[in-house]
Amino acid sequence: MVIRRGLRSVLITLALYLVSSAVVGYFLFHAQHGARGLETLGGLREKHGEMEAELASLTIERQDWEKRLNLMRDEAVDRDLLEERARAMLGRVHRNDVVVMGR
């Protein structure tokens, strides 16, 4: 009887340790490999860096376009820019222009 109680208490304790370690192992595995785990975090950081670089290049491009548009405003029209755009749209060249045609 005493042996059964001792064996039973050891088996119950062992079972509780096994179940609790399985639960902890489950959560540790998903903390590393899950949808919101550490590996996914590294991928998201790389993607964030790429998007920051793209944002910086687009910001520079937007500033360039804003500068060109400010030159086309009514208050201060840049004649060179206006002539360049008119020639590009109409497909015309000035008689003093040199046209280089490549293959």
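The numbering scheme is per chain: residues are counted from 1 as the chain's sequence reads. Confidence filtering applies because this is a predicted model: local features only for residues at pLDDT of at least 70, side-chain atom pairs given and counted only at 80 or more, and all residues used for totals across whole chains, interfaces and linings. Heavy atoms throughout the structure, all of them, feed into the side-chain values; hydrogens and water do not.

Engineer: Which residues make up the packing of aromatic side chains, and what values do they have?
Structural biologist: Aromatic rings from Phe, Tyr and Trp, taking only the six-membered ring of Trp, are treated as a pair when their centres fall within 6.5 Å; an angle between ring planes under 30 degrees marks them as stacked, one over 60 as edge-to-face, and anything in between as tilted. This model, assessed by the stated rule, comprises one aromatic pair. Considering the side-chain rings of Tyr-26 and Phe-27, the 5.4 Å spacing of their centres and the 75° angle between planes classify their relative orientation as edge-to-face. Three exposure classes are used, based on accessible area relative to the maximum for each residue type with a 1.4 Å probe and protein chains only: buried under 20%, partly exposed in between, and exposed over 50%. Classification of Phe-27 as exposed rests on a relative accessible area of 54%. Seen from the ring of Trp-65, Arg-68 lies directly overhead, with NZ or CZ sitting 5.9 Å from the centre. Lysine NZ or arginine CZ positioned within 6 Å of the ring centre and within 35 degrees of the ring normal marks a charge as sitting over the ring.

Engineer: Lay out the pattern of salt bridges in plain terms, naming residues and giving numbers.
Structural biologist: Definition used for salt bridges: Asp or Glu carboxyl oxygen within 4 Å of a side-chain nitrogen of Lys or Arg. According to the stated counting rule, one finds three salt bridges in the structure shown. Glu-84 is the salt-bridge partner of Arg-68, the closest N and O atoms lying 3.8 Å from each other. Of this pair, Arg-68 sits in helix 2 (residues 38–71) while Glu-84 sits in helix 3 (residues 79–90), placing them 16 residues apart in sequence. Where helices and strands are cited, they refer to DSSP runs of H or I of at least four residues and of E of at least two residues respectively, numbered from the N terminus.

Engineer: Lay out the confidence of the model for the protein in plain terms, naming residues and giving numbers.
Structural biologist: Per-residue confidence from the predictor is reported as pLDDT, a score between 0 and 100. With 94% of its residues at a pLDDT of 70 or more, the protein has an overall mean of 86. Model confidence for the protein, summarised as mean pLDDT per element, is weakest for helix 3 at 80 and strongest for helix 2 at 92.

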